[in-house]
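Structural overview for review
Listed here are the chains, written in short residue letters.
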Amino acid sequence: MGKLTVGALRAVLGVVFAGTVFVQAGMVWALAAKPADGSLPLTPLRVITILGMVSAQVALVCVWRLVTMVRRGTVFSDAAFRYVDGVIGAIVAAALVWFAVTGINAPGQRDDPGVTVIMAGIGVAILGVALIVLVLRMLLTQAVARDVQAARMQAELDEVI
């Protein structure tokens, strides 16, 4: 991975992380302020937003660590699994948060249940992203095993020579 690519990705990750912190701060401030009169229960939605931002932050930190490992050439090691698992967990948590939003929003959509169905479909799509990352984790498992095997074979070859 080139320095420009790593720098650009880190800049994006930093901006997104700062954005999530800003949203969390706004939600905490809104929770402390006078409740608004609205048709939706805003307090649960604000708490859910804070939790959703936490899941995004976990994923961002894990991706940052993985990029660091790629840059150092250590990504094909057992240590990488911790961060990949963190990304998978964060995505699943984000899906659960989305399903909670869908559930809170559903009673207000009795006249048009299609909105709830679409929102539930988005939640399923988020879970699909977690499954894609799980498949990538399996590929990483194979790559780590091949790397270990190659290192062992190189050591045997070095002994012969």
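Below you will find a few notes about this structure. Treat the numbers as computed from the prediction; the structure is a model and nothing was measured.

1. Looking at the overall build of the protein
- When helices and strands are counted, the protein shows four helices and zero strands.
- For a compact globule of 161 residues, the expected C-alpha radius of gyration is about 15 Å, and the protein comes in at 21 Å, more than 25% above that figure.
- With 161 residues in all, the protein has 26% of them scored as buried.
- Nonlocal contacts in the protein, meaning residues at least 24 apart in sequence, comprise 72% of its contacts between residues at least 6 apart.
- Accessible surface computed for the protein: about 10,300 Å², of which carbon and sulfur atoms make up 71%.

2. Quick notes on the environment of D112
- In this structure, D112 sits in the loop between helix 3 (79-105) and helix 4 (114-160).
- Residue class for D112 comes out partly exposed when judged on its relative accessible area of 43%.
- With 82 residues separating them in the primary sequence, D112 and A30 have C-alpha atoms 29 Å apart.

3. Some points on the packing of helix 1 (residues 3-32) against helix 2 (residues 42-72)
- Between helix 1 and helix 2, whose axes approach to 9 Å, the crossing angle comes to 160°. With respect to each other, helix 1 and helix 2 are oriented roughly antiparallel. Pair helix 1 / helix 2 crosses with left-handed handedness.
- Of the residues belonging to the contact of helix 1 with helix 2, the class tally is 21 nonpolar, six polar and four charged.

Reading the values: rules and limits
Residues numbered from 1 in each chain as written. Predicted model: local features only at pLDDT ≥ 70, side-chain atom pairs only at ≥ 80, totals over all residues. Heavy atoms only, no water. Helix = DSSP H or I, 4+ residues; strand = E, 2+ residues; numbered from the N terminus. Rg over C-alpha atoms; globule rule 2.2 N^0.38 Å. Buried < 20%, exposed > 50% of the residue type's maximum accessible area, 1.4 Å probe, protein only. Contact = heavy atoms within 4.5 Å. Areas by Shrake-Rupley, 256 points an atom, 1.4 Å probe, with all protein chains shown as cover. Axes fitted to C-alpha atoms, helices over the stretch in contact; angles between N-to-C directions. Parallel < 35°, antiparallel > 145°, perpendicular 65-115°, else oblique. Left-handed = near helix turned anticlockwise from the far one by under 90°. Nonpolar A, V, L, I, M, F, W, Y, C, P; charged D, E, K, R; others polar.

Shape descriptors only; they carry no functional weight alone.
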